[in-house]
Protein chains: 2
Amino acid sequence: MPDNPVNPVNQLDELLHQRYRLGIMAFLSSIDGAEFTRLRSSLGLTDGNLNRHLAVLDDAGYVAIAKAPVKSSRARTWVRLTDKGRAALDAHVATLRAILDTIG
Amino acid sequence: MPDNPVNPVNQLDELLHQRYRLGIMAFLSSIDGAEFTRLRSSLGLTDGNLNRHLAVLDDAGYVAIAKAPVKSSRARTWVRLTDKGRAALDAHVATLRAILDTIG
């Protein structure tokens, strides 16, 4: 990595860089949306931890969270990537790949 | 990213994943070592922040820090990657690339 007053690590989106949030975004990137429980089992997180990370992503506008009512049972929580989230993820991935490509 | 009880994000080294520490390791990966001030200017960090991140990497055995005496001036601080740090970085990069490759 060359000397650079604007080192690319400064361009990494810290909100997305957190490993579980990166995992959530990666999981959602190739599907239309996922149920909370499926995300939870994929990431191996507790309900509380997943909720906390989803709240951060939701506050940033990177994911949309909706309750889908299910007959005679609890509503299911669906999570999907927003266009803003997709754009942020694409930019993050490009920056990250550029950094990884400098590693000798 | 497929459903996986051991999602690869769980294998990311959190110590290395922090963006400035990733930047330090990336910077050191292609050179024999760097002076503290050069690292600082590359990363755009304050002395205190760089010292804090280097202490974490040093405690993990990922970098070696040495004072090189300089005639009639303050000792220069040299930082280099250790073999352990190189191995950890290589593993981290491989896991990260595998995650990025799942992003649709």
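Residue positions are given per chain, counting from 1 as you read along its sequence in written order. A letter from A marks each chain and a number from 1 marks each ligand, given out in the order of writing. Residue-level local features of this predicted model are given only where pLDDT is at least 70; pairs of side-chain atoms are given and counted only at 80 or more, and the full residue set underlies all totals for whole chains, interfaces and linings. Derived side-chain values reflect all non-hydrogen atoms in the structure, with water molecules and hydrogen atoms excluded from consideration.

Focus on the overall build of chain A
Counted only if it meets this: Strands are runs of DSSP state E lasting at least two residues, helices are runs of H or I lasting at least four, and both sets are numbered from the N terminus onward. Exposure is judged per residue with a 1.4 Å probe applied to protein chains only, and the accessible area is read against the type maximum: over 50% gives exposed, under 20% gives buried, and values in between give partly exposed. Contacts are residue-level and defined by heavy atoms, with any inter-residue pair within 4.5 Å sufficient. Here the accessible surface of atoms and residues is derived via Shrake-Rupley with a 1.4 Å probe, and residues count as covered only by protein chains that are part of the display. For the purpose of counting charges, residues Lys and Arg are taken to be positive, whereas Asp and Glu are taken to be negative. His and the chain ends are not included. Charge placement uses NZ in Lys and CZ in Arg. For Asp and Glu, CG and CD serve respectively.
Secondary structure assignment for chain A yields 5 helices and 3 strands. The N-to-C order of helical and strand elements in chain A reads α-α-β-α-α-β-β-α. C-alpha atoms of chain A, sized along the principal axes, occupy 60 × 25 × 20 Å. For chain A, buried positions account for 46% of its 104 residues. Expressed as a percentage of contacts within chain A between residues at least 6 apart in sequence, the contacts between residues at least 24 apart total 52%. Accessible surface computed for chain A: about 5100 Å², of which carbon and sulfur atoms make up 51%. Positive and negative side-chain charges in chain A, numbering 13 and 11 respectively, have mean positions lying 11 Å apart.

Details of the relation of the copies chain A and chain B
Convention followed: When the copies are superposed, the least-squares fit draws on C-alpha atoms of residues that have pLDDT of at least 70 in both.
At an RMSD of 0.0 Å, chain A and chain B line up after a rotation of 180° and a shift of 0.0 Å along the axis. Taken together, these values place the two copies in the relation of a two-fold axis. A shared binding surface is used by both copies, with 100% of the interface residues of chain A retained as interface residues in chain B.

Points about the interface of chain A and chain B
Many authors give the size of an interface as the accessible area that is lost as the parts come together. Put simply, the rule reads: A simple way to read buried area is as the amount of 1.4 Å-probe accessible surface that goes missing from two parts once joined, with both sides added. Salt bridges are counted wherever a side-chain nitrogen of Lys or Arg sits within 4 Å of a carboxyl oxygen of Asp or Glu.
Between chain A and chain B, the contact holds 36 residues from the first and 36 residues from the second. At the boundary of chain A with chain B, total buried surface from both sides reaches about 3200 Å², with 52% on carbon and sulfur atoms. Counting every contact that joins chain A to chain B gives 4 salt bridges. Taking the shortest distance from any N to any O, the salt bridge between E14 of chain A and R19 of chain B comes out at 3.2 Å. Residue assignment for the side of chain A that touches chain B shows that the elements contributing at least two residues are α1 (14-17), α2 (19-29), α3 (36-43) and α5 (83-101) of chain A.

Here we look at α5 of chain A
In plain terms, the rule: Any helix carries an expected span of 1.5 Å times its number of residues minus one.
Taking 1.5 Å per residue, 19 residues should reach 27 Å; α5 of chain A reaches 27 Å between its end C-alpha atoms and fits that length. Residues G85, A88, L89, H92, V93, T95, L96, I99 and L100 of chain A constitute the buried set of α5 of chain A. The secondary structure elements touched by the buried residues of α5 of chain A are α1, α2 and β3 (76-81) of chain A together with α2 (19-29) and α5 (83-101) of chain B.

Considerations on the pattern of salt bridges
All told, the structure shown has 10 salt bridges over all chains when counted by the stated rule. Linking R40 of chain A and D47 of chain A is a salt bridge whose minimum nitrogen-to-oxygen distance equals 2.6 Å. Here D90 of chain B makes a salt bridge to R86 of chain B, at a shortest N to O gap of 3.7 Å. With D90 of chain B and R86 of chain B both in helix α5 and 4 residues apart, this pair spans about one turn of that helix.

A word on the environment of A94 of chain A
Relative to the assigned elements, A94 of chain A resides in helix α5. For the pair A94 of chain A and A66 of chain A, spaced 28 residues apart in sequence, the C-alpha separation works out to 29 Å.

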